[in-house]
Amino acid sequence: MFARNLHELAVSARFQRHRLDRLGEIAKRIAVTSQTGEKEMLLMAGIFRRAVQTIKEEKTFRAQTRSKT
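Please read these numbers as outputs of a predicted model, since none were measured by experiment.

Describing the nonpolar core
Formed by Phe2, Ala3, Leu6, Leu9, Ala10, Leu20, Leu23, Ala27, Met41, Phe48 and Val52, the largest nonpolar core amounts to 11 residues. Listed by contribution, the elements that provide at least two residues to this core are α1 (2-12), α2 (17-33) and α3 (38-68). In this structure Phe2 touches Ala27, Ile30, Ala31, Met41, Met44, Ala45 and Phe48, once residues within four positions along its chain are discounted.

In structure tokens, the structure reads:
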């Protein structure tokens with residue numbers, strides 16, 4: 001879940017393609033080798049998920065604002 005949410009956040013933030021390709025593997029490695037517990041990983045995943053949702057909402061709002069003008 002952590003790796004998937006991080007990847008989705010990077011896509012929403014328009015990360016460069018070559019960095020996206022390695023991001024999933026890097027996130028998995030961080031999750032496995034870090035000293036963080038399940039609660040910390042879930043907190044970070046939640047933050048990533050909320051950031052992605054915020055980016056999507058802002059894009060929708062901007063598109064609606066542009067169409068009205």
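Focus on the packing of α1 against α3
Axis separation between α1 and α3 bottoms out at 9 Å; the angle between their running directions is 25°. The angle between α1 and α3 falls in the class roughly parallel. Between α1 and α3 lies a crossing whose hand is left-handed. Residues Phe2, Asn5, Leu6, Glu8, Leu9 and Ser12 of α1 lie in contact with α3, whose contacting residues are Met41, Met44, Ala45, Phe48, Arg49, Ala51, Val52, Ile55, Lys56 and Lys59.

Digging into the pattern of salt bridges
Tallied over the full model, the rule gives two salt bridges. Note that Lys56 and Glu8 form a salt bridge whose closest N and O atoms lie 3.0 Å from each other. One end of the pair, Lys56, is in helix α3; the other, Glu8, is in helix α1, with 48 residues separating them in the sequence. Glu58 serves as the salt-bridge partner of Arg62, at 3.8 Å between the closest nitrogen and oxygen. With Arg62 and Glu58 both in helix α3, this residue pair falls four residues apart, about one helical turn.

Details of unusual backbone geometry
Not every positive phi belongs to a glycine, and Arg14 is a case in point at roughly 60°. Owing to a relative accessible area of 66%, Arg14 belongs among the exposed residues under this scheme.

What to know about the side chain of Asn5
In this fold, Asn5 is placed in helix α1. Excluding residues that lie within four positions of it along the chain, Asn5 makes contacts with Ala45, Phe48, Arg49 and Val52.

Remarks on the packing of α1 against α2
Relative to each other, α1 and α2 sit at 145°, their axes nearing to 8 Å. Note that α1 runs across α2; the crossing there is right-handed. Residues Phe2, Ala3, Leu6, His7, Ala10 and Val11 of α1 pack against Leu20, Leu23, Gly24, Ala27, Lys28, Ile30 and Ala31 of α2. Looking at the contact of α1 with α2, its residues break down into 10 nonpolar, two polar and one charged.

The rules behind the values
Residues numbered from 1 in each chain as written. Predicted model: local features only at pLDDT ≥ 70, side-chain atom pairs only at ≥ 80, totals over all residues. Heavy atoms only, no water. Core = buried A, V, L, I, M, F, W, Y, C linked by side-chain atoms within 4.5 Å. Buried < 20%, exposed > 50% of the residue type's maximum accessible area, 1.4 Å probe, protein only. Helix = DSSP H or I, 4+ residues; strand = E, 2+ residues; numbered from the N terminus. Contact = heavy atoms within 4.5 Å. Axes fitted to C-alpha atoms, helices over the stretch in contact; angles between N-to-C directions. Parallel < 35°, antiparallel > 145°, perpendicular 65-115°, else oblique. Left-handed = near helix turned anticlockwise from the far one by under 90°. Salt bridge = Lys/Arg side-chain N within 4 Å of Asp/Glu carboxyl O. Nonpolar A, V, L, I, M, F, W, Y, C, P; charged D, E, K, R; others polar.

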